[in-house]
Amino acid sequence: TELSRSLQEALLEEVLAEALADGKGKIGTRDCRKALRENRADLLLVSSNFLQRERELADQLVGTALDQGTDVEILVGNAAARLDEVGEGLAVRLRY
């Protein structure tokens, strides 16, 4: 729905702002994998495009996140396109 897309965009912008401020956010495959490996991710954002493009890696990352109790949000529409543009289709909000 339009509301959920607006919420996805707001959530993405929050995580991107944290990442750009070197705060509680990370973007890109390398940094997101590291955060999951260290069990530091509170929320994993994955673009629907990344899911299609990198199915095996996406399955691995989402599985790891769910095993750790990390929330996972699949972004669509404008939010997915923006995440692809700035973060290779992946972003995380960190626990600490």
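Our structure's up above, just so we're on the same page.
Residues numbered from 1 in each chain as written. Predicted model: local features only at pLDDT ≥ 70, side-chain atom pairs only at ≥ 80, totals over all residues. Heavy atoms only, no water.

A. Structural detail: the overall build of the protein. Along the protein, the regular secondary structure elements total 5 helices and 4 strands. Along its sequence from the N terminus, the protein presents helices and strands in the succession α-β-α-β-α-α-β-α-β. Computed over its C-alpha atoms, the radius of gyration of the protein comes to 12 Å, within 12% of the 12 Å expected for a compact globule of 96 residues. A buried classification covers 38% of the 96 residues belonging to the protein. (Helix = DSSP H or I, 4+ residues; strand = E, 2+ residues; numbered from the N terminus. Rg over C-alpha atoms; globule rule 2.2 N^0.38 Å. Buried < 20%, exposed > 50% of the residue type's maximum accessible area, 1.4 Å probe, protein only.)

B. Representation of the packing of helix 1 (residues 2-20) against helix 5 (residues 77-87). Look at helix 1 against helix 5: their axes get within 8 Å of each other, and the N-to-C directions meet at 25°. In terms of their interaxial angle, helix 1 and helix 5 are classed as roughly parallel. Residues Arg5, Gln8, Glu9, Leu12, Glu13 and Leu16 of helix 1 form the contact with helix 5, whose own contacting residues are Gly77, Asn78, Ala79, Arg82, Leu83 and Val86. Tallied by class, residues from the contact of helix 1 with helix 5 come to 5 nonpolar, 3 polar and 4 charged. (Axes fitted to C-alpha atoms, helices over the stretch in contact; angles between N-to-C directions. Parallel < 35°, antiparallel > 145°, perpendicular 65-115°, else oblique. Contact = heavy atoms within 4.5 Å. Nonpolar A, V, L, I, M, F, W, Y, C, P; charged D, E, K, R; others polar.)

C. Highlighting the side chain of Thr29. For Thr29, the position within the fold is in helix 2 (residues 29-37). Residue classification places Thr29 among the buried positions, given a relative accessible area of 18%. Setting aside residues no more than four positions away along its own chain, Thr29 makes contact with Phe50, Leu57, Gly87, Glu88 and Leu90.

D. How the structure looks around helix 2. Inspection of helix 2 places Thr29, Cys32, Ala35 and Leu36 among the buried residues, and these make up the whole buried set. Each buried residue of helix 2 sits inside an arc of 135° when the element is viewed along its axis, so together they form one side. Those residues of helix 2 that are exposed and angled more than 90 degrees off the buried face are Arg30 and Arg37. In this fold, the buried residues of helix 2 make contact with strand 1 (25-27), strand 2 (41-47), helix 3 (48-53), helix 4 (55-67), helix 5 and strand 4 (90-94). A positive backbone phi angle near 55° is found at Asn39, which sits one or two residues after helix 2. (Arc of directions from axis to C-beta.)

E. Representation of unusual backbone geometry within the structure. Phi is positive for Asp22, which is not a glycine, with a value near 55°. Within the fold, Asp22 resides in the loop between helix 1 and strand 1. Phi at Glu88 is positive, roughly 60°, even though this residue is not glycine. Take Glu88: it is sitting in the loop between helix 5 and strand 4. Residue classification places Glu88 among the partly exposed residues on the basis of a relative accessible area of 46%.

F. Summary view of the sheet that holds strand 1. Reading across the sheet, the 4 strands line up as 1-4-2-3 and stay open at both edges, with mixed pairing between neighbours. Pairing within the sheet leaves two strands with one partner each, and these edge strands are strand 1 and strand 3 (71-75). Taken over all neighbouring pairs, the strand axes of this sheet differ in orientation by 15° on average, direction set aside. Pairing of strand 1 with strand 4, which is carried by 3 bridges, proceeds in the antiparallel orientation. Pairing of Ile27 across the sheet is with Ala91, part of strand 4. (Pairing = 2+ DSSP bridges.)

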